[in-house]
Amino acid sequence: MSNNITITIDDKEIQTKEGETLLNAARANDIFIPAICYLTRCSPTLACRICLVEADGKQVYACNAKSKDGMNITTTTENIAKERRAIMEVYDVNHPLQCGVCDQSGECELQNYTLEMGVDIQHYSVKDVDRSSHDWGHLHYDPGLCIVCERCSTVCKDMIGDNSLKTIPRGADALEAEFKETMPKDAYAMWNKLNKSVIGLTNGTDVLDCTSCGECAAVCPVGALVDTQFMYKSNAWELKQIPATCGHCSAGCQISYDVKHTNIANTDKKIYRVMNEWNYVSLCGAGRYGFDYENRVESKDEVAFNKALEAFKKADTIKFTSTITNEEAYILQSLKEKLGVKLVNKEAKAFQTFLKDYGEISGTSLYGSDLKEVIATNFIVSVGSALKSDNPNARYALNNSMTVNKGAGLYFHPVGDPIIEGLAKSIMTLKHAPLQEEVVLYLILDLFGDKEKLPSDITEYLASFHSTKTVTVTETIKEKVTEIVKEMKLNDETGQEEEVEVEKTKMVPKKVSKEIEVDDNKLLEILGADDKFMEKLEKNLKKKESFALMVGADLYTHPNSKNLARLVALIEKYSAFEITMIPQLTNSLGVALICDLDDEVGSYSVGYNTKGDFTLSALGDGDLDMPAMNQQEGTLTSINKRVNPTNAALPYNGYELNDIANALGLKAENTIDYTYNLPIEKGFKSERFDDLPNHYENDGTEVRGYLLENISISVSGDESVEKFSDEKLEGSIVYLANPVRQFTPFTHKTTNLDEVGGVYMSEEFLSKSELNEGDRVKIKTKDGELVTTIVSDNKITGDIAILPTFDSKINSEAVISSYRFATASIERV
Amino acid sequence: MKDEQFNNRNVSNEYFLVDIEDYPTEPWDKFKRVVKRTFRLELFVGLWVVMREFFKFEIHTVSYPEEKMPIGPRYRAIHEMKRLWESDTERCIGCGLCEKICVANCIRIETKRDENSRKEVSEYSINLGRCIYCGFCAEVCPELAITHGGRYENASEQREHFTMYEDMLTPLDTMKVGNQLEFEGFGAITPHEDERVKKTPLAY
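Every value quoted in this text rests on a predicted model; they were computed, and no experiment measured them.

Caption draft 1: Molecular detail of the overall build of chain A. Counting its secondary structure elements, chain A contains 25 helices and 37 strands. In terms of overall dimensions, chain A is globule-like: its C-alpha atoms have a radius of gyration of 31 Å, near the 28 Å expected for 829 residues. When the backbone C-alpha atoms are referred to their principal axes, chain A occupies close to 120 × 75 × 60 Å. In chain A, the proportion of contacts linking residues at least 24 apart, taken out of those at least 6 apart, comes to 75%.

Below, the structure written as structure tokens:
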């Protein structure tokens, strides 16, 4: 796969890798081959057939054909030009001439290619059928405009993993027979298929029930699938695109805010939609629809500002969340050094400690892998993370590897997740009890670790769980049985029926009990895996050569997090697994690297985006307003260890943290002046903000900001780990996680993300308990109690209830202090 | 080339050289001119001409604003929004091409989704203070919805002066009696357009 080869496209010699598709090779070298249905990271659909090229004298589809050394490719021949023109004419058959009212107009691939192929006259026709539009909630589907390129269903299956869309029968008349003879071959074949299908929902209803990422609408080349919230709001060409980095989770997706004046009377900028480079990055619903969380401030509130200064002088603690930029984190750290205050950020502190503990064995300041590498592997394990809501991009990586890379996945989590289970056939899920994450890591070491190299005490410890046991297996074998059967037969001579004995042999399936010795792994039993687990795992592990482990916040907050961190490092060291850690919030990684965090809150605290004695807030509910993430420039550190720049999409007229810092004796004209000062010893680079790029190259290379350097740290060589504790949580349990599309109060503030706050319970749990949706319940744990409403959630299964953090009306922190799981009593009030 | 022909200013009998005195140079001469001009009461000569014509009632100009000159169909004054003859509904589909093409950047359009899931124009304004009446909006309009009309009186106390959608739209009563005027200027359909169009085959 990695062999460099030379191929020739249109007399231009280009270097590429063996097995790379011709289309991608051409695109990487700026050679244009038209293609409609192809999506870079997904499997080729072969629906449009327009990427037809001639390779070594044979017509092939560029999206599908792999390059071989010395290949000679011609992108356009006379015949191919005829095919392409015919294909575009076919696409225009019965396509309504309503570009004036179509949202895609101006960025429509059908418009573009129709012009590119010079279609000025139509030769084909077919009787149309009723194709009236559907309202699918946050999406609007107009089959009349649909060209059935299947990009939506492809991205949903290969990238997102919801499998919500598929092609359904159109019910149209067959094409006239004469076209088969008169039309170019591929165009006819494409039309024949097109005329038989439209897009529909896999659940068979007219109600979309998915994780609402909107990626299908983003990839739609025409105006068939559009976001309901954007429908008929603005023409594409009126919008100005502001390149940015999504500020909702740690994935740090590249997005662009599309802004325009608010309305005729108001010239203030407003964000109309969020766009992404869908060939290279996929967004979740929060990134795509949660954009209007800005904090509109009319003017500088001097009184509040002076109060803030006083508060800062008086305070001994600054409390903050990780939804801030690296520069702001740097300002806070500088303030700590200058004023001698404590910096408290519980969630970042947990992550920081975990990284430090991990580094003691791994010898690196950061985990070794990232989501890009995860996609490229073909066996992925996820531990300690509610993947679909903690970091949707991690879930996409898992799904993409399984569907496109023939990979397999193993998902360990106490909360049952139908979305994860539905990703692909090769996903295995194991519901273990909370607090058993240690056992899971030991199991991974046991299954995949190199026993010869592992420290001997660990090997012995692992071996102590193994025993051979004799099990009785019933096998079905086929046995040859000879039996004598009496048959009635007609005697030819007498003409009478008489009984004759006939000897017959036949194969008869027979159940045989056999006693065999098998290896019995007690770890599996402890985790509650079923008997088939090993069998299925062995099947899934066939032909897998690269492995990835994603770990999440359940481990960072675990009471034995130190031991877990060391185990993770051991797995990285003694197995083929590469580690990716999922930072809990947008910039948890950046904060963990930049700030020197403390544990305890002092007597008087200033809170930044969190409640303090004096509160600075970008949510607009504090004592002094701050700009929200879409109103400020700065950099964010993503899960991919990349420092991504983001720009201000909307104006902000109030004070920002830098103004306070300047008044307190720091000196910088703009917040982004600090980009240059970010600590080099932690892996940052001395780069000026204005020099940081933010785009993707034609071949998919990510040219955004810069990658953090993974600094090596000296290790003591002590690789001892503690044995796992037998503790586990049982009974009624609550878990701290958000529904998909919600991360923080910022996502809650947006108008399009309408998830209701409350305690989430699975339909299964609600049906067997006395509780009903909408009931007010009191949740009581050892830390405290709260009262909230039950919300039924069909995206989880099992008995564990979920408490969200995005709704500031629900003070989940009062109930769950550190570890994300807690036993709780839930009573109706 | 000789310059005699240029020197000979006595071209024809119809032309004559105006006898203009040389400008006085001496202070005394200048003083004399001032006195002469002051006391010859030339002002009243002019006034007399006006009064004479006033009483003769021989008026050769258009008496604006009572009377107005007829405006040609291609004249480009304040915009009009037309309605469909068939249904009296607005022709404008909200495509926004006029907003895009406007060189003076004076058109703004706002659209929304109406209750029938169709695109609807919710707000439309033209800043007449900025408009240069170039006619591009009328030319680009695919529906012949925005056109220029003949109303050219758009003086305003302010430089910014907006006209809104409702003001430009043909009133329904005008529509009812069939008095909407079709625009024959930029962007109107050329005669015999049908003969030039390449027909799309239909499978019905």
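Caption draft 2: Region of the structure containing the overall build of chain B. A count of helical and extended segments in chain B gives eight helices and five strands. Against the 2.2 N^0.38 benchmark of 17 Å for 204 residues, chain B shows a C-alpha radius of gyration of 29 Å, more extended than a compact globule. Projected onto the principal axes, the alpha-carbon positions of chain B cover approximately 95 × 50 × 35 Å. Per-residue burial for chain B yields a buried fraction of 17% across its 204 residues. Expressed as a percentage of contacts within chain B between residues at least 6 apart in sequence, the contacts between residues at least 24 apart total 74%.

Caption draft 3: Representation of the domain arrangement of chain B. Here the domain parsing of chain B yields domain 1 (4-56) and domain 2 (79-187). Placing the centre of domain 1 of chain B and that of domain 2 of chain B at their C-alpha centroids yields a distance of 54 Å.

Caption draft 4: Representation of the packing of helix α11 (residues 346-362) of chain A against helix α21 (residues 561-574) of chain A in the model. Residue and element names in this part refer to chain A. Contact geometry for α11 and α21: axes closest at 8 Å, N-to-C directions at 45°. The pairing of α11 with α21 is recorded here as oblique in orientation. Helix-helix and strand crossings are classified by hand; for α11 and α21 the assignment is right-handed. Facing α11, whose interface residues are A350, T353, F354, D357, Y358, E360, I361 and S362, α21 presents S561, K562, A565, R566, V568, A569, L570, E572 and K573. Class assignment for the residues of the contact of α11 with α21 results in eight nonpolar, three polar and six charged.

Caption draft 5: Representation of the sheet that holds strand β5 (residues 162-164) of chain B. Residue and element names in this part refer to chain B. Across the sheet, which stays open at both edges, the three strands sit in the order β2-β3-β5 with antiparallel pairing between neighbours. Bordering the open sheet on either side are β2 (107-113) and β5, each of which pairs with just one other strand. On average, each strand axis in the sheet is inclined to that of its neighbour by 20°, with strand direction left out of account. Bridge analysis of β2 against strand β3 (residues 119-127) gives seven bridges, and the strand direction is antiparallel. Bridge pairing in β3 links R113 to K119.

Caption draft 6: Focus on the interface of chain B and chain A. Every contact between the two is made by 21 residues of chain B and, on the other side, 17 residues of chain A. At five residues, the largest contribution of residues to the side of chain B that touches chain A is made by β2(B). For the side of chain B that touches chain A, the per-class residue count stands at seven nonpolar, six polar and eight charged.

Caption draft 7: Structural context of the domain arrangement of chain A. Taken domain by domain, chain A holds domain 1 (4-199), domain 2 (302-345 + 595-707), domain 3 (351-464 + 529-588), domain 4 (469-527) and domain 5 (733-828). Of all elements in the fold, only α10 (326-339) and β26 (634-637) of chain A reach the threshold of two or more residues within the side of domain 2 of chain A that touches domain 3 of chain A.

Caption draft 8: Representation of the confidence of the model for chain B in the model. All names here are of chain B. Looking at chain B, the pLDDT average stands at 87 and 93% of residues meet or exceed 70. Per-element confidence in chain B is highest for helix α4 (residues 97-101), whose mean pLDDT is 96, and lowest for helix α1 (residues 4-7), whose mean pLDDT is 60. Taken together, the chains of this predicted complex give a pTM of 0.88 and an interface ipTM of 0.82.

Caption draft 9: Representation of the pairing of strand β31 (residues 733-736) of chain A within the structure. Residues and elements named next belong to chain A. Along β31, one buried face is formed by I733 and Y735 and the opposite face, lined by V734 and L736, is buried too. Two strands pair when backbone bridges link them, and β31 and strand β36 (residues 821-823) are joined in this way by three bridges, in the antiparallel orientation. When the bridges of β36 are listed, V734 appears paired with A822. As defined by bridge partners, β31 adjoins strand β35 (residues 801-803) across three bridges and the pair is classed as parallel. Note that in β35 the partner of L736 across the bridge is L803.

Caption draft 10: The environment of K82(A), seen in detail. All names here are of chain A. Topologically, K82 is positioned in helix α2 (residues 78-92). Under the C-beta neighbour-count criterion, K82 is labelled partly exposed, with 15 such atoms within 10 Å. When the C-alpha positions of K82 and D316 are compared, they lie 75 Å apart, and in sequence the two are 234 residues distant.

Basis of the calculations
- Residues numbered from 1 in each chain as written.
- Chains lettered and ligands numbered in written order.
- Predicted model: local features only at pLDDT ≥ 70, side-chain atom pairs only at ≥ 80, totals over all residues.
- Helix = DSSP H or I, 4+ residues; strand = E, 2+ residues; numbered from the N terminus.
- Rg over C-alpha atoms; globule rule 2.2 N^0.38 Å.
- Contact = placed C-beta atoms within 7 Å.
- Buried ≥ 20, exposed ≤ 12 C-beta atoms within 10 Å, placed from the backbone.
- Domains from an automatic or database assignment.
- Axes fitted to C-alpha atoms, helices over the stretch in contact; angles between N-to-C directions.
- Parallel < 35°, antiparallel > 145°, perpendicular 65-115°, else oblique.
- Left-handed = near helix turned anticlockwise from the far one by under 90°.
- Nonpolar A, V, L, I, M, F, W, Y, C, P; charged D, E, K, R; others polar.
- Pairing = 2+ DSSP bridges.
- pLDDT = per-residue confidence, 0-100.

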